[in-house]
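# Descriptive structure summary
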Amino acid sequence: MHLVYPLILAVLLFCIGLYGVLARRNAILVLMSVELMLNAVNINLVAFDMWLRDTLHAGQALTLFVITIAAAEIGLGLAIVLMVFRNRATSDVAALRELAEPGAGPKSAASSARTAPGNEAA
Amino acid sequence: MSALAAAADLSGSGGPGFLSPTGAEVAFVLIGLVVLGSALLVVTTKQIVHAALWLVVTLGGLAAEYLLLTAEFIAWVQVLIYIGAVVVLLLFGLMLTRAPIGRSAELDSASKWPALLVAGAAAATLLTVVVDAFHAAYLDLGETGDGSARVTGESLFRVWVLPFEVLSVLLLAALIGAIILSRSRGDDADRRR
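Quick caveat: nothing in here was measured; it's all calculated off a predicted structure.

## Let's talk about the overall build of chain A
The helix and strand tally for chain A stands at 5 helices and 0 strands. Listed by position from the N terminus, the elements making up chain A come as α-α-α-α-α. A sequence separation of at least 24 residues applies to 53% of the contacts in chain A between residues at least 6 apart. By element, 67% of the accessible surface of chain A is carried by carbon and sulfur atoms, the whole surface being about 4800 Å².

## Focus on the layout of surface pockets
The volume enclosed by the largest pocket comes to roughly 560 Å³. Lining the largest pocket are 27 residues, and of these Ala71(A), Ala72(A), Leu89(B), Leu171(B) and Leu175(B) sit closest to its centre. Elements with a minimum of two residues in the lining of the largest pocket: α3 (58-88) of chain A together with α4 (72-96) and α7 (161-182) of chain B. Top element by residues in the lining of the largest pocket is α3(A). It accounts for 10 residues. Among the residues making up the lining of the largest pocket, the classes are represented as 22 nonpolar, 5 polar and no charged. Each of domain 1 (2-104 + 111-142) and domain 2 (148-185) of chain B accounts for three or more of the residues forming the lining of the largest pocket.

## Some remarks on the nonpolar core
The biggest cluster of nonpolar side chains holds 65 residues, and the ones touching the most others in it are Leu13(A), Met32(A), Leu36(A), Leu55(B) and Leu90(B). Taken together, the elements giving at least two residues each to this core come down to α1 (4-23), α2 (27-52) and α3 of chain A together with α2 (23-44), α3 (48-68), α4 and α5 (112-134) of chain B. In terms of residue count, the dominant contributor to this core is α2(A) (11 residues). In contact with Leu36(A), other than residues within four places in its own chain, are Leu13(A), Ile16(A), Gly17(A), Ala39(B), Val42(B), Val43(B), Leu55(B) and Thr58(B).

## Here we look at the UniProt feature "transmembrane region" (unreviewed entry) in chain A
Per the UniProt annotation, the sites labelled "transmembrane region" (unreviewed entry) are residues 61-85 of chain A. Split by type, residues 61-85 of chain A is 100% helix and 0% strand. Its first and last C-alpha atoms lie 36 Å apart.

## A few points about the pattern of salt bridges
The full count for this structure, using the stated rule, is 4 salt bridges over all chains. Where Arg88(A) meets Glu98(A), a salt bridge forms, and the shortest distance between an N and an O atom there is 3.1 Å. Highlighted residues: Arg88(A) in helix α3 and Glu98(A) in the loop between α3 and α4 (108-114), separated in sequence by 10 residues. On the basis of relative accessibility, which here comes to 23%, the residue Arg88(A) falls in the partly exposed class. Within the structure, one salt-bridge network assembled from shared partners comprises Arg150(B), Glu154(B) and Arg158(B).

## Quick word on the UniProt feature "transmembrane region" (unreviewed entry) in chain B
Residue and element names in this part refer to chain B. Here the UniProt feature "transmembrane region" (unreviewed entry) sits at residues 26-44, 51-69, 75-96, 116-139 and 159-182. In residues 75-96, the share of helix is 100% and the share of strand is 0%. The end C-alpha atoms are 30 Å apart. The span residues 116-139 is 79% helical and 0% strand by assignment, and the distance between its end C-alpha atoms comes to 32 Å.

## As for the packing of α1(A) against α2(A)
Residues and elements named next belong to chain A. Packing of α1 against α2 brings their axes to within 8 Å, and their N-to-C directions diverge by 165°. Viewed along their axes, α1 and α2 adopt a mutual orientation that is roughly antiparallel. When you trace α1 past α2, the crossing you get is left-handed. Residue-level inspection shows Pro-6, Leu-7, Leu-9, Ala-10, Leu-13, Phe-14, Ile-16, Gly-17, Leu-18, Gly-20 and Val-21 of α1 in contact with α2, the latter providing Val-30, Ser-33, Val-34, Leu-36, Met-37, Asn-39, Ala-40, Ile-43, Asn-44, Ala-47 and Phe-48.

## Structural notes on the packing of aromatic side chains
Across all of its chains, the model carries 4 aromatic pairs over all chains by this definition. A ring pair is formed by Phe48(A) and Trp51(A), whose centres lie 6.0 Å apart and whose planes are at 65°; its orientation type is edge-to-face. Residue Phe48(A) and its partner Trp51(A) are both found in helix α2; the two are separated by 3 residues, about one turn of the helix. Where Phe48(A) meets Phe134(B), the ring centres are 5.2 Å apart and the plane angle is 65°; that geometry is what we call edge-to-face. With Phe48(A) in helix α2 and Phe134(B) in helix α5, the pair connects residues from two separate chains.

## Describing the side chain of Asn26(A)
You can see Asn26(A) is positioned in the loop between α1 and α2. Using a relative accessible area of 9% as the deciding quantity, one classes Asn26(A) as buried. Among the polar contacts listed, one links the side chain of Asn26(A) to the backbone nitrogen of Ile28(A), at a separation of 2.9 Å. Excluding residues within four positions of it along the chain, Asn26(A) makes contact with Ser91(A), Ile48(B) and Leu107(B).

Rules used in this analysis
Residues numbered from 1 in each chain as written. Chains lettered and ligands numbered in written order. Predicted model: local features only at pLDDT ≥ 70, side-chain atom pairs only at ≥ 80, totals over all residues. Heavy atoms only, no water. Helix = DSSP H or I, 4+ residues; strand = E, 2+ residues; numbered from the N terminus. Contact = heavy atoms within 4.5 Å. Areas by Shrake-Rupley, 256 points an atom, 1.4 Å probe, with all protein chains shown as cover. 1 Å grid on protein atoms, 1.4 Å probe; cavity = no way out; pocket = protein on both sides within 12 Å on 5 of 7 lines; lining within 4 Å. Points joined across faces, edges and corners; volume = space filled by probe spheres on them. Nonpolar A, V, L, I, M, F, W, Y, C, P; charged D, E, K, R; others polar. Domains from an automatic or database assignment. Core = buried A, V, L, I, M, F, W, Y, C linked by side-chain atoms within 4.5 Å. Buried < 20%, exposed > 50% of the residue type's maximum accessible area, 1.4 Å probe, protein only. UniProt positions renumbered as here; feature names shortened; annotations may be inferred. Salt bridge = Lys/Arg side-chain N within 4 Å of Asp/Glu carboxyl O. Axes fitted to C-alpha atoms, helices over the stretch in contact; angles between N-to-C directions. Parallel < 35°, antiparallel > 145°, perpendicular 65-115°, else oblique. Left-handed = near helix turned anticlockwise from the far one by under 90°. Phe/Tyr/Trp six-rings, centres within 6.5 Å; stacked < 30°, edge-to-face > 60°. Polar contact = N/O pair within 3.5 Å; in protein donor to acceptor, adjacent residues only side chain to side chain.

This is the structure in structure tokens:
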């Protein structure tokens, strides 16, 4: 098998995930796009492990580690999304502007004043 | 699987041209098209729950790609952890945040066109570099058994055992953190809607 087939698949999958991270508003859809990007990296790792005939199998071991870290990331990310939803009743990443610079967002001052009790609980 | 690998091995001497693909290459490209199409649907569909279901198709197709790359153990780990655990977790997250069933507008932010521009530019750059660097590289998937569970397990528990244990502690810490974060305290039970 030519090495470019897995590499091109990985590149296109990574860029689809990149588009999803930038364009989606729902936080859970952003997490799904991050999973797509991590999977693209995994294809690269497996393909280069096979190509280089690594005797230590570093590529496959690292793929397993990336899968584990993705599981940890999705657990923590969903916990944070659920807590934000509990405090703000939204999972829209475009509405969370409390950490933006003052004056950067159109309504950052009003929304940060409104949700100040939620901040200290967090 | 072994028939596919043998087919790749028969014509694999010296790296044949792109115009005479082997059976494994044809299967890889076809499954790759399915993977890319369902990944596009994940990031563009208007129904949130459908995005999670298309993600199942994408991840399952990737497991088949790992099988074609003769990485069996990775393929089954992909099926078990991603499709078995991560997608179920995502579906639970969608339901707990009361995601609407059916079409919902406002899923794409206002920065849709800049995002498309960034992704397209990244794809063009990476494709140019990767194709230029690796167009002559040939992956000889012989009968080496490099990706079997035996070989992977031996290297994992002989060479990579310390990172493995550190990672298990990291996973435990992350899951305990997730439990503590999502535990509902008594004082904010009345603040919830």
